[in-house]
Amino acid sequence: MPKWFLPLALVCGLMFAASPLVIASADYESTMGLVQKIFYYHMPSAWMFLISAIVCGVSSVRFLVTGDHRHDRTALAAAELTVLFGLITLVTGPLWARRAWGTFWVWDARTTSSLVSWMISWAYLILRRYGGPGSENLAAGLAIFGTANVAFIYVSVNYWRTIHPATTVVPKLPFSMGFPLWFCVAAFTLLFVLLLKLRVRVEEQQARVDELYLSLDDFGR
Amino acid sequence: MMRVAWLIVRKDLTVEVRSREIAYTTLFFAVSCVLVFAFALVRDGRAPEDGAAGILWIAVMLAGNLTLGRTFERERQSETLRALLLGPAPRAAVYVGKLLGILALLIGAEVALVPLVALLFQARLLAHPLWLSAILVSGTVGFAAVGTLFAAMLVRARSRDVLLPVLLYPMTVPVIIAGVRGTAALMQPDLEVGVVQFWLALLLCFDAVFVTLALWTFEAVMTD
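Residues numbered from 1 in each chain as written. Chains lettered and ligands numbered in written order. Predicted model: local features only at pLDDT ≥ 70, side-chain atom pairs only at ≥ 80, totals over all residues. Heavy atoms only, no water.

Caption draft 1: Quick look at the nonpolar core. The biggest cluster of nonpolar side chains holds 113 residues, and the ones touching the most others in it are Tyr 124 and Phe 145 of chain A together with Leu 125 and Phe 150 of chain B. Among the elements that line this core, the one with the most residues is helix H6 (residues 129-153) of chain B, at 13 residues. Setting aside its immediate chain neighbours within four residues, Phe 145 of chain A contacts Val 146, Leu 149, Phe 150, Met 171, Phe 210, Leu 213, Ala 214 and Thr 217 of chain B. (Core = buried A, V, L, I, M, F, W, Y, C linked by side-chain atoms within 4.5 Å. Buried < 20%, exposed > 50% of the residue type's maximum accessible area, 1.4 Å probe, protein only. Helix = DSSP H or I, 4+ residues; strand = E, 2+ residues; numbered from the N terminus. Contact = heavy atoms within 4.5 Å.)

Caption draft 2: Molecular detail of the packing of H6 of chain B against helix H9 (residues 193-221) of chain B. All names here are of chain B. Their axes nearest at 9 Å, the elements H6 and H9 cross at an angle of 20°. Judged by the angle between their axes, H6 and H9 are roughly parallel. As H6 packs across H9, the resulting crossing turns out to be left-handed. Counted by class, the contact of H6 with H9 contains 20 nonpolar, 5 polar and 1 charged residues. (Axes fitted to C-alpha atoms, helices over the stretch in contact; angles between N-to-C directions. Parallel < 35°, antiparallel > 145°, perpendicular 65-115°, else oblique. Left-handed = near helix turned anticlockwise from the far one by under 90°. Nonpolar A, V, L, I, M, F, W, Y, C, P; charged D, E, K, R; others polar.)

Caption draft 3: Examining unusual backbone geometry more closely. Residues and elements named next belong to chain B. Notably, Arg 20 is not glycine yet its phi reads approximately 55°, a positive angle. Its place among the elements puts Arg 20 in the loop between helix H1 (2-19) and helix H2 (21-41). Despite not being glycine, Gln 122 shows a phi value in the positive range, around 45°. Relative to the assigned elements, Gln 122 resides in the loop between helix H5 (91-120) and H6.

Caption draft 4: Structural view of the packing of aromatic side chains. Residues and elements named next belong to chain A. Tallied over the entire structure, the rule returns 17 aromatic pairs over all chains. With centroids separated by 5.8 Å and ring planes inclined at 65°, the aromatic side chains of Phe 39 and Tyr 40 adopt a geometry described as edge-to-face. In this pair, the class of Phe 39 matches that of Tyr 40, namely buried. Cluster of aromatic residues (ring-pair linked, three or more members): Phe 16, Tyr 41, Phe 85, Phe 188 and Phe 192. (Phe/Tyr/Trp six-rings, centres within 6.5 Å; stacked < 30°, edge-to-face > 60°.)

Caption draft 5: Broad picture of the packing of H6 of chain B against helix H8 (residues 173-186) of chain B. All names here are of chain B. Two elements in contact, H6 and H8, have axes separated by 10 Å at closest approach and are oriented at 175°. What the angle tells us is that H6 and H8 run roughly antiparallel. Judged by residue contacts, Trp 131, Leu 132, Ile 135, Gly 139, Gly 142 and Phe 143 of H6 engage Val 175, Gly 179, Gly 182, Thr 183 and Leu 186 from H8. When its residues are assigned to classes, the contact of H6 with H8 shows 6 nonpolar, 5 polar and no charged.

Caption draft 6: Main features of the environment of Ser 19 of chain A. Within the secondary structure, Ser 19 of chain A sits in helix H1 (residues 5-25). Not counting chain neighbours up to four residues away, the residues in contact with Ser 19 of chain A comprise Tyr 41, Phe 183 and Cys 184 of chain A.

Caption draft 7: Structural view of the environment of Arg 156 of chain B. All names here are of chain B. Turning to its location among the elements, Arg 156 is positioned in the loop between H6 and helix H7 (160-171). Arg 156 gets classed as partly exposed once you look at its relative accessible area, which sits at 43%. Considering only alpha carbons, one finds Arg 156 and Thr 172, 16 residues apart in sequence, at a separation of 22 Å.

Structure (structure tokens):
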């Protein structure tokens, strides 16, 4: 493990422990009240959801071009994190929407494209798990298609109607609401980096164990 | 390259014309799907509004999954896909050939499906035949472009029968949205050309992007 891992993990743990206090200190939004505070976890996890999907797509392209398995391990780790952060986003979103929009789910551009990308990352993991040998190549192809697909889903649903708040409100937030938000963004980014590193390391060790087994087999003969 | 692609289409269609296996099973399956929807949704002789557009596309996608699976299963059983890939033909030509063969089968099924859906759901599907065929063909190209690549990739994968729809349906969500919305717009009493044009343009963009991506990915993925 690199030297920076443990201190950063500690910082990340402390930030998450402190985050309820920071969020509690933030001002109430005038119309939504307490429910609006879900947003401090919803938006950072949605960003990490997007970032991990992009990491997965980019690593898959690099894997297909170079054939280097390091990129493949990063893509797999990122796909798992896409599912994780996607789950947080898709659970916290409807909880907030029930109060703000009066309904748990709306077929709007962002919600639909998030749901479908989440399903594609599940499909990626299912393919990796049950595809048998050689599935890493196929999964890389799937990841590239999935990344390209998000734009199409977004445009097609956007043509109907969109009520999801745009991210342009973020720079205009007052300090008392902006600080907890950026605090949570930092905490989630740290969590993402740490989990990605950890997961890639598990895959590296797995690959090494497999290699050792194979060489042992050769030795036995 | 087009000559090789054409040879592959001709080979596939010759095999198909001799056995007619995929054409019959796909068509029968698609018709049963439409009937199931008719039993489930038509009440007192009236179908839900816009339902026909959705049912047409669902039937096409379900039948498409069957066609894709079966086309490549045939190649796998006799190890002929390996022979195709070993031959001195560009990979892209193999992909294009397979895609065209599958398109021919699917469009054939659609020709039978459209009047059937129009009849059972009393829908004005045939009011604008040219627009409808443009939407249907461009949507089918998008669906088949992704499907051909995935079905080819999965030929040697374990549990490929289950994996194909699992991968294919989430990926073709834009096709179903644009196809259904475009078809539904065609069934309105007064046609809004702008709406139909938007969905058609989206489908054409989808086709262009995904055929290009598939040509590149096919080369990279079908290595061994």
